[in-house]
Amino acid sequence: MAETMTVRIQSPDGVRRITTTKRETAATFLKKVAAEFGFSNNGFSIYLNRNKTGEISPSPQKSLNVLKIKHGDMLFLYPSGPAGSSSEIMDTSAGTSFGVPLARPLSAPQVVEDDIDQFMIKQEGKIYRNRDPQLCRHGPLGKCVHCVPLEPFDEDYLNHLEPPVKHMSFHAYIRKLTGGADKGKFAALENISCKIKSGCEGHPPWPEGICTKCQPSAITLNRQKYRHVDNIMFENHTIADRFLDFWRKTGNQHIGYLYGRYTEHKDIPLGIRAEVAAIYEPPQVGTQNSLELLDDPKAVIVDEIALKLGLRKVGWIFTDLVSEDTRIGTVKYSRNKDAYFLSAEECITAGYLQNKHPNFCRLSPDGNFGSKFVSVVATGGPDNQVHFEGYQVSNQCMALVRDECLLPCRDVPELGYAKESSSEQYVPDVFYKDIDKFGNEITQLARPLPVEYLIIDIPTTFPKDPVYTFSISANPFPIENRDVLGETQDFHSLSTYLSQNTSSVFLDIISDFHLLLFLVSNDVMPLQDSISLLLDAVKLKNEELAQTWKKSEQWATIEQLCSTVGIQPSGIQEYGAVGTSVNPAPSAMWACLHCTFMNQSGTDQCEMCRLPRA
């Protein structure tokens, strides 16, 4: 049998290895290369040298031995045109970074990046410095090493900021990749895979067989040097205070989803900030020590309404609060360097949610890389007051969670555990580096795994000048899914809310995130198909549009429902219960249970659907 050898092929998408023999013909070898890279036979060229000399022709007579190709040699692949597979043809029209092409494979989906990413690509990102009067020995128009602009990824500059920045921004990291002599020609952000590659036909499937071609590589955990979001900011304190009210009234932990937008964070070069405008609280069961999310039938509607309001789901928030002294309102300081900042179970949940909300990226063959989805913990701080701490988990953690390779330890919350391979699943080895008692760096198997290797901390702040996407009322509309507190969203609570808010500006009254969700998703008279004008008015803060919608039949019907509830407060519960009999006051209207149309009292048949009065 001929001696096998491995030949490396460098392409614009990276380096791959081809297993072959010295006696194999050039034609057969090129077919292997085409199959490995997904090209058609005439879509590329292979050269012995980087400068495109020594092209290998598909000759059926010449063997690799004749071409003097040896084990370990590096060959160079260049796409020859659109005839080849698009998977390796680089497209530089995807965007530029001040003259630097952002190359990406054409086979990647036609990615539409977020608006903030498109904005960051167009920014220069340079860190400009003033002339130093002591060190600079040149004129006012000159530049030297002491005042020349720095790159946005300059680590010395970031470390000397106050406070120091441990993680460069994601777009600064991209500038670092796309810089240098090759101008980012070979830059590609590949997602980690912990699964066996499919389609390997040289052996039986796992667990009977596995080879180096289909086996995923071992993972050595490293602290991530960049982060996708550099700051989390709540628009005002009221948003957070209303969320904390649930814990203050019940003592049970609570969870919510953060809705807001991504904006520029100017304190860090090419930084991104997640601004929180509202918190939606999904159905859940909370105790003093646990949280359980329930199925949410309104999840899709909430996302749709938020999108029409110019918002999106940017993260999640949960409480971990234990009261220390109820007289002065202090809480216990439990999450610190001597305990943990995020538990392994919370890291796994964060990884799951980040995988559900990927970051679209043109430099990735998959069309996405990492995530901007953030995690916020409301917990006790060093001063025994409530603090909000922001985090993300690394892309390595996202991969381990996505491929179901990471488990929490039962009794030690700060430790995770990398699963072991079984007959049902192959799990690659996961390692991390540690320092032993002698000061030596050692490699440890991640069984167990300190979750500090997976966590990226993000500063969480409140602005000096509060911002209000939605109006703030002294008597706000109840928050959804708080029935355990006796706070329900119904037409009786809407009637109370409208009677307590007598502002002459209709937009101020209606600009409440939770009220808008109720109008869209209530069971009596949902307005999902007729509320677009009102959402535009709230988004644009346009009182004229709000007044136009106020004159609609839908709002007139809502006012009639509220007036009916005002006369008979318990009536709305009776309207919602099919099969019950309602006897309204003579001057009131009644709601048909079949079509929710409002009818004049005294009639026995619905004016809309002609069905008998319920």
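As shown above, the structure is provided for reference.
Each value, and the rule that gives it
Residues numbered from 1 in each chain as written. Predicted model: local features only at pLDDT ≥ 70, side-chain atom pairs only at ≥ 80, totals over all residues. Heavy atoms only, no water. Salt bridge = Lys/Arg side-chain N within 4 Å of Asp/Glu carboxyl O. Helix = DSSP H or I, 4+ residues; strand = E, 2+ residues; numbered from the N terminus. Buried < 20%, exposed > 50% of the residue type's maximum accessible area, 1.4 Å probe, protein only. Axes fitted to C-alpha atoms, helices over the stretch in contact; angles between N-to-C directions. Parallel < 35°, antiparallel > 145°, perpendicular 65-115°, else oblique. Left-handed = near helix turned anticlockwise from the far one by under 90°. Contact = heavy atoms within 4.5 Å. Nonpolar A, V, L, I, M, F, W, Y, C, P; charged D, E, K, R; others polar. Polar contact = N/O pair within 3.5 Å; in protein donor to acceptor, adjacent residues only side chain to side chain. Phe/Tyr/Trp six-rings, centres within 6.5 Å; stacked < 30°, edge-to-face > 60°. Core = buried A, V, L, I, M, F, W, Y, C linked by side-chain atoms within 4.5 Å. Pairing = 2+ DSSP bridges.

A short note on the pattern of salt bridges
Then step 1. Evaluated as defined, the whole model comprises 24 salt bridges.
Then step 2. With a shortest N-O distance of 2.9 Å, Glu235 and Arg261 are connected by a salt bridge. A residue pair is termed long-range when its members are at least 10 positions apart, and Glu235 in the loop between strand E12 (231-234) and helix H5 (237-250) and Arg261 in strand E13 (residues 255-265) qualify at 26 residues.
Then step 3. Since its relative accessible area comes to 1%, Glu235 is described here as buried.
Then step 4. Glu487 is paired through a salt bridge with Arg482; the nearest N and O atoms lie 4.0 Å apart.
Then step 5. Through salt bridges with shared partners, one network takes in Asp114, Asp117, Arg312 and Lys372.

Remarks on the packing of helix H9 (residues 491-500) against helix H11 (residues 513-521)
Then step 1. Where H9 meets H11, the axes come as close as 12 Å, and the angle between the chain directions of the two elements is 140 degrees. In terms of axis orientation, H9 runs oblique to H11. As for the relative orientation of H9 and H11, their crossing is left-handed in sense. Contact with H9, carried on its side by Phe491, Leu494 and Tyr497, involves Leu515, Phe518 and Leu519 of H11 and no other residues of that element.
Then step 2. Along the lines of polarity and charge, the residues of the contact of H9 with H11 split into six nonpolar, no polar and no charged.

Considerations on the side chain of His167
Then step 1. Inspection of the secondary structure puts His167 in the loop between helix H3 (155-159) and strand E9 (168-169).
Then step 2. According to the relative accessible area criterion, His167 is buried, its value standing at 8%.
Then step 3. From its side chain, His167 meets the backbone oxygen of Gln224 in a polar contact 2.9 Å long.
Then step 4. In this view, His167 contacts Gln224, Lys225, Tyr226, Arg227, Asp230, Ile456 and Asp457; residues no more than four positions away in its chain are not counted.

Regarding the packing of aromatic side chains
Then step 1. Taken as a whole and assessed by the stated rule, the structure comprises 17 aromatic pairs.
Then step 2. Judged by centre distance (5.5 Å) and plane angle (40 degrees), the rings of Phe477 and Phe518 are tilted. You can see Phe477 sitting in the loop between strand E30 (460-461) and H9 and its partner Phe518 sitting in helix H11, a full 41 residues away along the chain. With respect to burial, Phe477 and Phe518 carry one shared label: buried.
Then step 3. Residues Trp549 and Trp555 carry aromatic rings whose centres are separated by 5.8 Å and whose planes lie at 50 degrees to one another, so their mutual orientation is tilted.

Points about the nonpolar core
Then step 1. Counting residues in hydrophobic clusters, the biggest one holds 72 residues, and the most contacted among them are Leu494, Ile510 and Leu519.
Then step 2. For this core, the element with the highest residue contribution is H11, accounting for seven residues.
Then step 3. Excluding residues within four positions of it along the chain, Ile510 makes contact with Leu515, Leu516, Leu519, Leu534, Val538 and Trp555.
Then step 4. Ile116, Val229, Ile232 and Ala240 belong to the second-largest nonpolar core, a separate cluster that totals 26 residues.

Overview of the side chain of Thr469
Then step 1. Topologically, Thr469 is positioned in the loop between E30 and H9.
Then step 2. Taking relative accessible area as the criterion, Thr469 reaches 14% and is therefore assigned buried.
Then step 3. With residues near it in sequence (within four places) discarded, Thr469 still touches Glu235, Arg261, Ala277 and Lys541.

A closer look at the environment of Glu345
Then step 1. Position of Glu345 relative to the elements: it lies in helix H7 (residues 344-356).
Then step 2. In this structure the C-alpha to C-alpha distance between Glu345 and Pro408, which are 63 residues apart in sequence, comes to 5.4 Å.

Details of unusual backbone geometry
The phi angle of most residues is negative, glycine excepted, and most peptide bonds adopt the trans form.
Then step 1. Cis geometry marks the peptide bond from Trp206 to Pro207; its omega dihedral reads 15 degrees.
Then step 2. Counting through the fold element by element, Pro207 comes out in the loop between helix H4 (170-178) and strand E10 (219-221).
Then step 3. Here the residue pair Arg447 and Pro448 is connected by a cis peptide bond, since its omega of 5 degrees sits within 30 degrees of zero.
Then step 4. Following the sequence through the fold, Pro448 ends up in the loop between strand E27 (441-445) and strand E28 (449-450).
Then step 5. One non-glycine residue, Lys68, adopts positive backbone phi at about 60 degrees.
Then step 6. Along the polypeptide, Lys68 turns up in the loop between strand E3 (44-47) and strand E4 (74-79).
Then step 7. In this structure, Glu404 takes a positive phi of about 55 degrees despite not being glycine.

Some details on H11
Then step 1. Counting buried positions along H11 gives nine out of nine residues, so the element sits mostly inside the fold.
Then step 2. Inspection of H11 places Phe513, His514, Leu515, Leu516, Leu517, Phe518, Leu519, Val520 and Ser521 among the buried residues, and these make up the whole buried set.
Then step 3. Capping of H11 at its N-terminal end is provided by Asp512; its side-chain oxygen lies 2.9 Å from the backbone amide nitrogen of His514.

Observations concerning the pairing of strand E26 (residues 430-435)
Then step 1. Looking at chain direction, E10 and E26 are connected through three bridges and run parallel. From the neighbouring strand, Leu221 faces E26, where its bridge partner is Tyr432.
Then step 2. In the sheet, E26 pairs with E27 via five bridges, with the strands oriented antiparallel. Among the inter-strand pairings, Ile435 is bridged to a residue of E27, identified as Glu441.

A short note on the sheet that holds strand E23 (residues 386-393)
Then step 1. On the basis of which strands lie adjacent, the open sheet formed by eight strands has the order E29-E23-E22-E17-E13-E14-E12-E30 and mixed pairing. Strands with a single pairing partner mark the edges of an open sheet, and in this sheet they are strand E29 (455-458) and E30.
Then step 2. Bridge analysis of strand E17 (residues 312-320) against strand E22 (residues 374-380) gives six bridges, and the strand direction is parallel. Looking across to E22, one finds that Trp316 is bridged to Ser375.

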